[in-house]
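# Observations on chain architecture
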Amino acid sequence: MHSTNQPVIHLYFIAIIPPAPVFTYAQELKTYFADVYNSRAALRSPPHITLHMPFRYKQEKEKKLIHALETLSSDIQPFDVKINGFGAFPPKVIYLDVVREDALVHLQHSVGQMMKQTLNIHNVNYKDQVFHPHLTVAFRDLRKPRFLEAWEEFRSKVYKEVFTAESFSLLKHNGKDWDVFQRFRLKEPNV
């Protein structure tokens, strides 16, 4: 029997959700990988560029998390995000390659610093690796032989796009998939 006093803990992550046409194209690619290469895991979240990898947090402290992210977003100007072709993390991940520009790196670093200092959450990057912005279209369940086939198909495909990042989002796991829980608009430029 569970105690009703146990805190409810959810899984969250922080990401930039691109607008159309990037969102639409990335979603189409995820569906293509599911249909052609039997890789469906990427369909469990909307297309995104991760700023802070998944972390566990008490639901009762959500307001503190939201307030911290609102404060952070109000200090950062919108900026352009460039996508240039495809990349891979062999043997399982294929992604749309996001150019590592200063404004994007600054936002990711600011999110990580805020999470450490304000919320005592320290897992900003996967295994403390350097931030490598990307938009995943296939991962985890992409088997190695299928990865090799898919990478052969996508490695030299051309896709160039630029969008303005005007917000970032807090995503929350619903037990099966990731949902956008709250969106944080970046600072409005002075007109």
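Here's a quick rundown of the structure. Just so it is clear, the model here is predicted, and its values are computed rather than measured.

### Regarding the packing of helix H1 (residues 22–37) against helix H4 (residues 144–154)
H4 packs onto H1 with a crossing angle of 135° between their chain directions and a minimal axis gap of 11 Å. Taken together, the axes of H1 and H4 lie oblique to each other. Between H1 and H4 lies a crossing of right-handed hand. Residues Leu29, Tyr32, Phe33, Val36 and Tyr37 of H1 touch H4, and the partners they reach there are Arg146, Glu149, Ala150, Glu153 and Phe154. Across the contact of H1 with H4, the residue classes tally to 7 nonpolar, no polar and 3 charged.

### Thoughts on the environment of Val98
Residue position: Val98 is located in strand S4 (residues 93–98). Residues contacting Val98, with those up to four places away along its chain left out, are Ile49, Val81, Lys82, Ile83, Leu104, Pro133, His134 and Leu135.

### Re the pattern of salt bridges
Tallied over the full model, the rule gives 5 salt bridges. Across the pair Glu152 and Arg155 runs a salt bridge, and its minimum N-O distance is 3.8 Å. Close ionic contact of Arg185 with Glu166 constitutes a salt bridge, the shortest N to O distance being 4.0 Å. Of this pair, Arg185 sits in strand S8 (residues 178–185) while Glu166 sits in the loop between strand S6 (160–165) and strand S7 (167–173), placing them 19 residues apart in sequence. Overall, the relative accessible area of 47% leaves Arg185 in the partly exposed class.

### Considering the pairing of strand S1 (residues 9–16)
Within S1, 6 of the 8 residues are buried, which leaves it mostly tucked inside the rest of the structure. Two strands pair when backbone bridges link them, and S1 and S7 are joined in this way by 4 bridges, in the antiparallel orientation. When the bridges of S7 are listed, Tyr12 appears paired with Lys172.

### Some words on unusual backbone geometry
Going from Ala20 to Pro21, the amide bond is cis rather than trans, its omega being 5°. Relative to the assigned elements, Pro21 resides in the loop between S1 and H1. A cis amide bond links Pro90 with the next residue in sequence, Pro91, at an omega value of 10°. Relative to the helices and strands, Pro91 is located in the loop between strand S3 (79–89) and S4.

### Focus on the sheet that holds S7
The strands making up a sheet associate through backbone hydrogen bonding, with each pair oriented either parallel or antiparallel. The 4 strands are arranged S2-S1-S7-S8 in an open sheet whose pairing can be described as antiparallel. At either margin of the open sheet sits one strand with a lone partner, and together these are strand S2 (49–58) and S8. Strand-to-strand twist across the sheet, computed as the mean angle between neighbouring axes with direction ignored, equals 25°. Along the sheet, helix H2 (residues 62–73) contacts S1, S2, S7 and S8; its crossing angle with S8, the most-contacted strand, is approximately 45°. The strands touched by helix H3 (residues 102–119) are S1, S2 and S7; relative to S2, the strand with the most contacts, the crossing angle is about 15°.

Thresholds, definitions, all that
- Residues numbered from 1 in each chain as written.
- Predicted model: local features only at pLDDT ≥ 70, side-chain atom pairs only at ≥ 80, totals over all residues.
- Heavy atoms only, no water.
- Axes fitted to C-alpha atoms, helices over the stretch in contact; angles between N-to-C directions.
- Helix = DSSP H or I, 4+ residues; strand = E, 2+ residues; numbered from the N terminus.
- Parallel < 35°, antiparallel > 145°, perpendicular 65-115°, else oblique.
- Left-handed = near helix turned anticlockwise from the far one by under 90°.
- Contact = heavy atoms within 4.5 Å.
- Nonpolar A, V, L, I, M, F, W, Y, C, P; charged D, E, K, R; others polar.
- Salt bridge = Lys/Arg side-chain N within 4 Å of Asp/Glu carboxyl O.
- Buried < 20%, exposed > 50% of the residue type's maximum accessible area, 1.4 Å probe, protein only.
- Pairing = 2+ DSSP bridges.

Distances and angles like these do not, on their own, reveal function.
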